[in-house]
Structures are given as C-alpha cells and as structure tokens.
Amino acid sequence: MAFISPTILALRRDPRLLKLPPYLSALCIFIGVVWLCLLPLNEYSRHTYISENALLPGQVHTYFGGSEQNVFNAYKYEIQALVGKDQEAIYEKLSDIFESANLRPARQKYEYHAAGTTYSGENVYAILHAPRGDATEAIVLVAAWTNMDGDLNQSGVALALALARYFKRWSLWSKDIIILITGDSRAGPQAWVDAYHDEHTSFFVAPLPLKSGALQGVVVIDNALDHRFESLHIVYDGINGQLPNLDLFNTAVSIASGQLGIGVSLQRMWKHNDSYQERLQTMLRGMVSQGLGHSSGPHSSFIPYHVDAITLQAVGDGWQDEMAMGRCVESIFRSLNNLLEHFHQSFFFYLLMQADRFVSIGTYLPSAMLVAVNFTIMAIALWIRSGRPPAPKVASTMPEKEKTEMEIVQKDGMTAITPKENLTILERQLFLPVALVVSLHFLGVIPLYVFINSSRNTLPSCFLLFTFLNLILPTVLATSIHRHTPLTPQHHLLLQSISLLVLGMSLATLATLNFSLSLFIGLLSTPLTFTGNPFSSSVDAKDVFPSNARKYISTLVLQLLSPPVVVWAVCYIWGADLGETLAEAAFGWKVNGLWTQVVVWCVWWPAWMIGGVLVN
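Predicted model only: the values in this text are computed from it and were never measured. All chains use their own residue numbering, which begins from 1 and follows the written sequence. With the structure being a predicted model, the display of local features is reserved for residues of pLDDT at least 70 and the display and counting of side-chain atom pairs for 80 or more, all residues being used for whole-chain, interface and lining totals. Each side-chain value is derived from all of the structure's non-hydrogen atoms; neither hydrogens nor water enter the calculation.

**Student:** Explain the overall build of the protein to me, please; I cannot follow it from the model alone.
**Tutor:** Scanning the protein from N- to C-terminus turns up 20 helices and 14 strands. Classification of the 616 residues of the protein by burial places 53% in the buried group. Contacts in the protein between residues far apart in sequence, at least 24 positions, make up 82% of those at least 6 positions apart. Where accessible areas are quoted, they stem from the Shrake-Rupley method and a 1.4 Å probe; at the residue level, only the protein chains shown are allowed to cover. Put simply, the protein shows about 26,800 Å² of open surface, and 61% of that area lies on carbon and sulfur atoms. Secondary structure elements follow DSSP: runs of H or I no shorter than four residues count as helices, runs of E no shorter than two count as strands, and numbering proceeds from the N terminus. Exposure categories follow from relative accessible area, calculated using a 1.4 Å probe and restricted to protein chains: below 20% of the type maximum is buried, above 50% is exposed, and the middle band is partly exposed. Residues count as neighbours in contact if any of their non-hydrogen atoms are within 4.5 Å of one another.

What follows is the structure, given as structure tokens:
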C-alpha cells in the first residue's frame, strides 16, 4: 500500500490557497484592459480584405452621370416643393414619380407608440423586377424622408429616385431592386422590414401589398446637404450590437476610395492620420455604439433579419457631387448583383479602427472573457470558503480533548495521514441565498417596466425618484433581512458566491453576442468582486463581515458605480438630455426589440443590489 505525504494531501485545503483568488481576479481584469489597449497596434490588427471573390468591387465602369444630373436636379426641385405639405400629398407625389419611371409603386402605413409619443407615417416603395432573375432574391436601396438628425434628406431622396429611373434602363440585373422611401429613419424602416418578413403587428403596421425574394443586401443614402460634400461617412452599427458582414463594408470602402477617389470615414472620425490614439478612439467609439445597441440609421432595422446593410452619409464641404455618390451606389449594386449566395464568407464579429483596418472576434474576445472570468474565480473561491469550518484555535491553548485528531485516508490504493478537521465540510444552507438572488433578479423587472411604459414627460422625474430610492434600498433591504432572518457568515459567502457566478456566466454569454456591452458592464461591476474581505479563508464572522471603514468605502464606491448614477454621468458627459435618452431606450424596446435595458436592469442592477446588501 502506497502512502501519500500528509503535507501533499492537505495542500488542497491549505487556507493560503484561498488567498490567491482575489489576486487572480485582479490580474484577469488588468490583463483584459491591457489586451484591449493593444488591439490598435499593427501586431494585433489586420488590413481589411474581400473574402467573397464574386463581388469584384470596382471592376465595372459606372455610367451614372451626364444627363442624369438633369434628372436628379428635377427630382430635387420637386422634393423641395413638397416641404411643408401634408404627408398624403408627399407620398402621393412620390408614387407618381415611381409610376413615371415605369415602376409599380406600393404604400404602407405604420404607427407605433412609445414613451407616450406616437410615431406614425407611411412608406412608399417600388420593385424593379430583374430581367435576368426569377424574383427569388432582391437588393434594397433606401432613402429616408428625414435622416437620423431630423433633417430633410432632400438630395438622398432625389438621388434614390434618379437611380431608380436609371436602373430601369439596364437589362443586366439578376436580382430584383427595391427602391424604398421611408417616412423617417427609425420607425419607417422597422415597419417595412417587419412586414416584409411577416413579423409585424397588423394593428399598428400595415402588410406590404408587394414583395420580392430574399433580401441580399441594403444600401441607405443619407444626403441632407444642399452643397457638394467632402467624403462619405459609412454607418454600419446594427440593433443590439449586431453588425453587417464585413465584405459589404469593405466593398463600399473599396469602391468609394479606390475606384472613385472619395474619402471614407467612420464613427464620426472626420480626420484620421492612422495614429495609435486615433485608432483607439475610433475603436472605442464603435464599442460605445455597439454597447448601447441603438439604431444608428435606417440600415440598423435590417441587420436583425440577417440582411446586411450600411448607410452612406455625405459629410463635409468639398468638391464631390451627388453624381459621384450615385456612381458609388451603382457600383455597389453591380457588386451585389454578382453574389451567388448570401454573404457568409467574411466576418460578422469585428472591431473597426479605421476604414481599412479591423480586429476579428478571435483577437478581441479574450478581453471581455477575462473580465467575466474574474467573477467566476471569486465565486468558486467563496463557495469553497463557505464549506470550511472556522479556523482552529492555537494548539498550545486548546484543552487536550480539543486537540486535532489524525485520520488515515485511503484513496485509489494510496494512504495518507491528515488532520481530521481538514476533512470537515460544513453543510451549506442554500435556501436563503438562492431565494434572495432569484428574487432580486426578478425585482429588476420593476424598473424595466417603469422606464419602458412611462411617458416622455414623466421619465426624468421617475428616474430621479428611482435614483434616490436606489441610494437607500440596499440599506433598507439589508436591515429587513437581518431583522427577520439574520445572515450568518456562511449565508454572506454563499450570497456573494451565487451572485458573482450568475453575473460571470451572464457576461461571458453576452460577450459572444455583444462584446462591448459585456465588457463595459463587467468593468463597472468589478468592485463587486472585492466586497467584504476577499483575502480571508474561513467563515469566521470577523473575517466575513466588513469592518466599519471597509463598509463605508465599499458603500461609496458601489453608489458611485450604481446603474442610475452611471446613466446620469453618461448623460452629463455627452451633453444628452436624460428624458430624451430614456425615451429613446423605450422606443428601442417597443419598436426595434432593443434589449440593452434588460441587461442593465435584470443582470447588472440585481448584482449591484446584492453587493450593496452585503456591505451593510
């Protein structure tokens, strides 16, 4: 019979090992942040490239121009003449223009209600049936009547109408082309794409009288300028952080900058000299937009349906005219017309740091995963601590009958002698911690419901009241719990362990869907890892319950990083109106299916509440 050294067998229960997890968690957070900061370097990022060879961007000669300039000017004049008229007159005129181009028009009315506001309008569209196709596939050209800033998209709508007339004259199309003029840039596109896929609510959104085949790609024209532009700003962020296939973005960049010599910008970085600072800034701006998950343009509504879409926005004051933008759209459509199958070869998860440089998911994902793993490490350590007995008294002061007994342990044919108390495991009382964690996560439905269903005028006061209640709620809840069922040291450890485990698993899962949102919430939640005394190795009350100084410091840090305070701070830093921000979130939930607020109120806020209870 083989013998194992008592030291080796007892090492797995050495209390010093339980002092390592806090350092490992801190190391994971540090490496995660450093990893993110390294991404803009050449060694960690790559040049963009076209994966789908059938696209052949920039390989065809574009003919849009010449006499089409007069057609565009005529349409632009008619659009300007419609300013100030009622919606019925506007949509009737647009239908007449489609008919004059030998295209059959169709109209769709929609109406949404969010934050006490009604969003209604009408979409007008026409389908150009492909001479060489069988109506099984289609590409869409979109121009919203008003852009995301609320400005009249006069040149964009006129250009879309001119391109519709121009495309009608060509017989090379193998896919149907849908020209869509939406009533606005958010509700209109969502209503149309929902109805196209029969996912609309018929009471608020009318069905489409005309349809074509599966949508293969969407290009949105946004040109509210009344003068020549300098460059094209490509907007690609989708709802809930989803992104279009990188091949579509690369195709637009290749055609605009390579074939036509038009400058390209993204994430409102109008000037980019390819420095590390500007790469990092562009990447962080993209991450903020992805983390918010809001609609950044008419294209955003298409991406949840796995329809790749981008918006081409004319910006600046330069020498490029509308004909150059039209040739860019023409060339993109010629490339999309070459597609043999749906976009699939390139990346759907990426971070862009300039128009021709990106980072793929395999490179950036470890950053958010490391931050999420830090919660899991501490959760496991706390679980182990909750099953350990209190530290034994010093042997010299113990009565003889209380001195440590030795026990022979046999396992896998090997024998060892180890102290008996090292084998003792306390029975874990799980009902109260599990009930509290589950209850607080369900409690997150209350602020979610209130902020989604309140009117725009009452949202700021509701949020102010909630912020005040949030300051005292952890203390009130902790006092109530201690009064009825006092938390034992083991309860304290189990409550924190289960909460961190749920938070870690949620953020790790979220990182694969919305990397930016997972990373930001993970970084804001890092103080939850170190509440209490993370360096202790037992369930002694003096080691589990925080001292007064640690309690006050922990409470202050947690309050400064609470979800309501973070929302106030973000609105203040960006100069955004709180009521408008909350109304946009409510609109996103009811119209676009935005679930960022679900993560905030049902994942982050409950974990913060549990942390507040533990430090009180």
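**Student:** Any chance you could explain the packing of helix 13 (residues 459-484) against helix 18 (residues 563-574) here in plain terms?
**Tutor:** Structural elements are reduced to axes, namely lines fitted to C-alpha atoms, with helices fitted over the stretch in contact, and the angle between N-to-C directions of any two is expressed from 0 to 180 degrees. For the pair helix 13 and helix 18, the least separation of the axes is 9 Å and the interaxial angle reads 135 degrees. What the angle tells us is that helix 13 and helix 18 run oblique. Together, Phe463, Leu464, Phe466, Thr467 and Asn470 of helix 13 and Pro564, Val567 and Trp568 of helix 18 make up the contact between the two elements. Polar here means any residue outside two lists: the nonpolar Ala, Val, Leu, Ile, Met, Phe, Trp, Tyr, Cys and Pro, and the charged Asp, Glu, Lys and Arg; Gly therefore counts as polar. Among the residues forming the contact of helix 13 with helix 18, the class breakdown is six nonpolar, two polar and no charged. Any angle from 65 to 115 degrees is called roughly perpendicular, while one under 35 is roughly parallel, one over 145 is roughly antiparallel, and all others are oblique.

**Student:** Is there a simple way to explain the sheet that holds strand 2 (residues 46-47) in this structure?
**Tutor:** Note on sheets: strands pair through backbone hydrogen bonds, and any given pair is parallel or antiparallel. In this scheme, strands are said to pair when DSSP sees at least two bridges between them. Read across the open sheet, the three strands follow the order 2-12-11; overall the sheet is antiparallel. Each edge of the open sheet is held by one strand with a lone partner, namely strand 2 and strand 11 (350-354). Bridge count between strand 2 and strand 12 (residues 357-360): two bridges; the pairing is antiparallel. Counterpart to Arg46 in the pairing with strand 12 is Phe358. Across the sheet, helix 8 (residues 276-292) is in contact with strand 11 and strand 12; its angle to strand 11 comes to roughly 140 degrees. In the packing of helix 10 (residues 361-386) onto the sheet, the strands contacted are strand 11 and strand 12, and the crossing angle to strand 12 comes to about 60 degrees.

**Student:** Explanation requested: the packing of helix 18 against helix 20 (residues 596-614) in the structure shown.
**Tutor:** When two helices pack together, you describe them by how their axes are tilted relative to each other and by the distance separating the axes. Where helix 18 contacts helix 20, the axes come no closer than 10 Å and their chain directions differ by 115 degrees. Note on element contacts: helix 20 touches helix 18 through Val600, Trp601, Trp604, Trp605 and Trp608, opposite Pro563, Pro564 and Val566. Classifying every residue of the contact of helix 18 with helix 20 gives eight nonpolar, no polar and no charged.

**Student:** What is the right way to look at the sheet that holds strand 6 (residues 176-182) in this model?
**Tutor:** Ordered in space as 3-4-6-5-7-10-8-9, the eight strands form an open sheet in which the pairing is mixed. Pairing within the sheet leaves two strands with one partner each, and these edge strands are strand 3 (105-114) and strand 9 (263-265). Here the average twist between neighbouring strands, direction ignored, is 25 degrees. Note: strand 3 against strand 4 (residues 117-128), ten bridges, orientation antiparallel.

**Student:** What exactly am I supposed to notice about the nonpolar core here?
**Tutor:** Within soluble globular proteins, side chains that are nonpolar tend to cluster in buried spots. Among buried residues, those of type Ala, Val, Leu, Ile, Met, Phe, Trp, Tyr and Cys that are joined through side-chain atoms within 4.5 Å constitute a nonpolar core. Counting 69 residues, the largest nonpolar core has Leu94, Phe98, Leu163, Leu312 and Phe333 as the members making the most contacts within it. For Phe333, the contacting residues outside a window of four places in its chain are Ile139, Val140, Leu141, Phe167, Trp173, Ile177 and Val219. One finds Leu459, Leu528, Leu558 and Trp601 within the second-largest nonpolar core, a separate group that totals 50 residues.

**Student:** Help me understand the environment of Glu230, please; the structure alone is not making it clear to me.
**Tutor:** Positionally, Glu230 belongs in strand 8 (residues 229-235). Along the sequence, Glu230 and Gln320 sit 90 residues apart, while their C-alpha atoms lie 5.9 Å from each other. If we ignore the near neighbours within four places in the chain, the residues touching Glu230 are Gly263, Lys271, Val315, Gly316, Asp317, Gly318 and Gln320.

**Student:** Sorry if this is basic, but what is going on with the packing of aromatic side chains here?
**Tutor:** To describe a pair of aromatic rings, one takes the distance between the centres and the angle between the planes. Aromatic pairing here means that ring centres of Phe, Tyr or Trp (its six-membered ring) are within 6.5 Å. Orientation follows from the plane angle: under 30 degrees is stacked, over 60 is edge-to-face, and everything else is tilted. One pass over the structure, following the stated rule, counts 23 aromatic pairs. An angle of 50 degrees between the planes, with centres 5.9 Å apart, marks the rings of Tyr166 and Phe167 as tilted. For the pair Tyr166 and Phe167, a shared accessibility class is recorded, and that class is buried. The rule for a charge over a ring is simple: NZ of Lys or CZ of Arg within 6 Å of the ring centre, and within 35 degrees of the ring normal. Over the face of the ring belonging to Phe587 we find Arg186, whose NZ or CZ atom lies 4.3 Å from the ring centre. Above the ring of Trp170, the side-chain terminus of Arg334 is found at 5.8 Å from the ring centroid.

**Student:** What should I look at first to understand the pattern of salt bridges in this one?
**Tutor:** A side chain of one charge can pair with a side chain of the opposite charge if their charged atoms are brought near each other. Salt bridges, as used here, are contacts in which a Lys or Arg side-chain nitrogen is within 4 Å of a carboxyl oxygen on Asp or Glu. Inspection of the entire model under this criterion finds 14 salt bridges. With a shortest N-O distance of 2.3 Å, Arg186 and Glu584 are connected by a salt bridge. In this pair, Arg186 sits in the loop between strand 6 and helix 6 (187-196) while Glu584 sits in helix 19 (residues 578-592), placing the two residues 398 residues apart along the sequence. In this structure Glu584 comes out as partly exposed when scored by relative accessible area, which is 29%. Each of Glu88, Glu92, Arg107 and Glu122 takes part in one network of salt bridges that share partners.

**Student:** Honestly, the UniProt feature "transmembrane region" (unreviewed entry) in the protein in this entry has me stumped. Any pointers?
**Tutor:** UniProt positions are given in the numbering used here, feature names are shortened, and annotations may be inferred rather than shown by experiment. Sites flagged by UniProt as "transmembrane region" (unreviewed entry) map to residues 20-41, 364-384, 430-452, 458-481, 556-575 and 595-615. Here residues 430-452 runs as 91% helix and 0% strand, with 34 Å between its end C-alpha atoms. Secondary structure within residues 458-481 divides into 96% helix and 0% strand; the distance between the first and last C-alpha atoms comes to 32 Å.

**Student:** What is the right way to read a nonpolar patch on the surface from this model?
**Tutor:** A patch is a set of surface residues, each over 30% in relative accessible area and not in a salt bridge, joined within 9 Å for like charges and within 5 Å for the nonpolar side chains Val, Leu, Ile, Met, Phe, Trp and Tyr. A cluster of nonpolar residues, Ile380, Trp383, Ile384, Leu430, Val434, Val438, Phe442, Leu443, Val445, Ile446, Tyr449 and Val450, forms a patch on the protein surface that exposes about 1,100 Å² of accessible area. Among the elements of the structure, helix 10, helix 11 (431-443) and helix 12 (445-453) are those that each provide at least two residues to the nonpolar patch. The topology assignment puts Val450 in helix 12. On the basis of relative accessible area, Val450 is assigned to the partly exposed category, the value being 31%.

**Student:** Can you walk me through the environment of Asp237 in this structure?
**Tutor:** Inspection of the secondary structure puts Asp237 in the loop between strand 8 and helix 7 (246-259). Considered as a pair, Asp237 and Met287 are 50 residues apart in the sequence and their alpha carbons are 9.7 Å apart.

**Student:** Can you help me understand the pairing of strand 4 in this one?
**Tutor:** Where a strand is regular, its side chains alternate between the two sheet faces. Counting buried residues in strand 4 gives nine out of twelve residues, a clear majority hidden from the surface. Here five bridges tie strand 4 to strand 6, and the two strands are oriented antiparallel to one another. When the bridges of strand 6 are listed, Tyr125 appears paired with Leu180.

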